[in-house]
Amino acid sequence: MENRALYYGKLACDTMMRKYEASELPPKGGFHYHAGVFLSGMMNIYSRCGAEKYYEYVKAWVDSVIPEPGVINRFQLADLDGYMAGILLFPLYERTKDERYLAAIRLLMGNLRNWYKNAKGGFWHMAITRNQMWLDGLYMAGPTQAIYARTFGQPHFAKEAARQAVIMYENMQDQRTKLLYHAWDNSCVQGWPEPAPWANEKTGLSPEIWGRSVGWYVVAILDILEQMDKSMPEYQKLVEIEKEVLSAVLTYRDTKKKVWYQIVDKGHLEDNWIESSCSCLFTYALAKAVRMGIFDSKVGELAQESFDAVLKEFVTIEGENLEIKKICVGTGVNDYAYYVNRPTSVNDLHGMGAFLLMCAEIARIQE
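This structure is a prediction, so every number in the text was calculated from the model and none was measured.

Draft legend 1. Seen up close, the overall build of the protein chain. The helix and strand tally for the protein chain stands at 14 helices and 6 strands. Relative to the globule expectation of 21 Å for 367 residues, the C-alpha radius of gyration of the protein chain, 19 Å, shows essentially globular dimensions. Projecting the C-alpha coordinates of the protein chain onto the three principal axes gives extents of approximately 55 × 50 × 40 Å. For the protein chain, buried positions account for 60% of its 367 residues. Working note: accessible area of the protein chain is about 14500 Å², and carbon and sulfur atoms make up 48% of it. Taken as two groups, the 40 positive and 45 negative side-chain charges of the protein chain have centres that lie 2 Å from each other.

Draft legend 2. Region of interest: the nonpolar core. Formed by 135 residues in total, the largest nonpolar core has its most connected members in Phe31, Phe38, Leu39, Trp61, Tyr217, Leu238 and Phe355. No other element matches the 11 residues that helix α14 (residues 349-366) contributes to this core. Those residues within four positions of tyrosine 217 in sequence are excluded, and the remaining contacts are Leu135, Leu138, Ala165, Met168, Tyr169, Leu180, Ile241 and Val245. Listed in part, the 14 residues of the second largest apolar core include Ala196, Trp198, Tyr336 and Val340.

Draft legend 3. Structural detail: the packing of helix α2 (residues 33-49) against helix α3 (residues 52-65). Contact pair α2 / α3: the axes reach a minimum separation of 8 Å and the direction vectors enclose 155 degrees. The angle between α2 and α3 places the two elements in the roughly antiparallel class. Every pair of crossing elements has a handedness; the one defined by α2 and α3 is left-handed. Two secondary-structure elements touch here, α2 through Ala35, Phe38, Leu39, Met42, Met43, Ile45, Tyr46 and Cys49 and α3 through Glu52, Tyr54, Tyr55, Tyr57, Val58 and Trp61. Residue classes in the contact of α2 with α3 are distributed as 13 nonpolar, no polar and 1 charged.

Draft legend 4. Molecular detail of the packing of helix α6 (residues 136-152) against helix α7 (residues 155-172). Here α6 crosses α7 at 150 degrees, and the two axes come no closer than 6 Å. Between α6 and α7, the crossing angle belongs to the class labelled roughly antiparallel. The crossing of α6 and α7 is left-handed. Of α7, the residues touching α6 (which contributes Leu138, Gly142, Gln145, Ala146, Tyr148 and Ala149) are Pro155, Phe157, Ala158, Glu160, Ala161, Gln164, Ala165 and Met168. For the contact of α6 with α7, the per-class residue count stands at 10 nonpolar, 3 polar and 1 charged.

Draft legend 5. Highlighting the pattern of salt bridges. Going through the model one piece at a time under the given rule, you end up with 20 salt bridges. A salt bridge links glutamate 305 to arginine 253; the shortest N-O distance between them is 2.6 Å. Of the two residues, glutamate 305 sits in helix α12 (residues 297-314) while arginine 253 sits in the loop between α10 (233-251) and α11 (276-291), which places them 52 residues apart along the sequence. Looking at glutamate 305, the relative accessible area reads 33%, which means it is partly exposed. Salt bridges linked by common partners bring Asp223, Glu226, Lys288, Arg291, Glu361 and Arg364 together as one network.

Draft legend 6. Seen up close, the state of the cysteines. In this structure the tally under the stated criterion is 0 disulfides. The closest cysteine sulfur to the non-disulfide-bonded cysteine 278 is located on cysteine 280, 8.6 Å from its own sulfur. Classification of cysteine 278 by relative accessible area gives buried; the value is 0%. No disulfide involves cysteine 359; its nearest neighbouring cysteine sulfur is the one of cysteine 280, lying 7.3 Å away.

The rules behind the values
- Residues numbered from 1 in each chain as written.
- Predicted model: local features only at pLDDT ≥ 70, side-chain atom pairs only at ≥ 80, totals over all residues.
- Heavy atoms only, no water.
- Helix = DSSP H or I, 4+ residues; strand = E, 2+ residues; numbered from the N terminus.
- Rg over C-alpha atoms; globule rule 2.2 N^0.38 Å.
- Buried < 20%, exposed > 50% of the residue type's maximum accessible area, 1.4 Å probe, protein only.
- Areas by Shrake-Rupley, 256 points an atom, 1.4 Å probe, with all protein chains shown as cover.
- Lys, Arg positive; Asp, Glu negative; His and termini not counted.
- Charge placed at Lys NZ, Arg CZ, Asp CG, Glu CD.
- Core = buried A, V, L, I, M, F, W, Y, C linked by side-chain atoms within 4.5 Å.
- Contact = heavy atoms within 4.5 Å.
- Axes fitted to C-alpha atoms, helices over the stretch in contact; angles between N-to-C directions.
- Parallel < 35°, antiparallel > 145°, perpendicular 65-115°, else oblique.
- Left-handed = near helix turned anticlockwise from the far one by under 90°.
- Nonpolar A, V, L, I, M, F, W, Y, C, P; charged D, E, K, R; others polar.
- Salt bridge = Lys/Arg side-chain N within 4 Å of Asp/Glu carboxyl O.
- Disulfide = S-S within 2.5 Å.

Encoded structure:
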């Protein structure tokens, strides 16, 4: 009998492959994290089932946006979001030794080596958002840096990825909930005249704890840890951070529905709503943390419970197609009303990628 989580993961991959030719994935023609998140999930499903059609689909997309060595189509040079899809290049290069992938890796890493930083050493999310750290940014750059460090013997990059996670923890954590705010603008400390309009004038913190951003953070730490040598001094610090933040995440899981809210710590408010992508990311992180020895098997049981809840609350199957609903669309930083009034989508690549990551990791438990 086929593994249940893997069954749903494959069904989701097949649904999207029927909808889009690889080169047509939105945003079409660009090296972008939307496609990168989805395809990294597909590669995780491929790692569990070995179906070559998934590998070939990922390769076809990468080849469509990297046509020759030194060229990356519509590359967001000055935005961390432009770097996330870099994680796809390593398995392709390892298998094919195609110089296009190596040239792209070197281009990405060369830029990240000299990235914009605030006074604390934290990466700006974009060149135009000076001094601002967004939790999303750790996922966009950190795992790529860590894989590069391990693959090419450049430990500096793993240390930098870990450093970014620690800077976020030390400056963006809410002491009441132990969760992290979506963003932080250090401009008030550095004397810049115009901090972001959402920034608290004293702390620089954004007002809310947005689900998917915390999801990116806890997932990124695990993905970074997976590439690090346990003897590195940064390793244990990241383990401690992950354990604390994920424990807090569990505290805010809805007691009846077993999933999480758009604004994680305000599930009691009537206009707040359960959101699928963060629920998938948290479930993935809990399951992976068990596999990596950060939590015991009891947490693995909770992860499986949330996997079942995701299927119940967000997933429908129509014929051969799987649909995931209540996926928050791409989101900036703002106040409570902004987040709870964000549109949702069905099978948006953010949510589909998160769903695939979850399915692949839960499949490990079910195996």
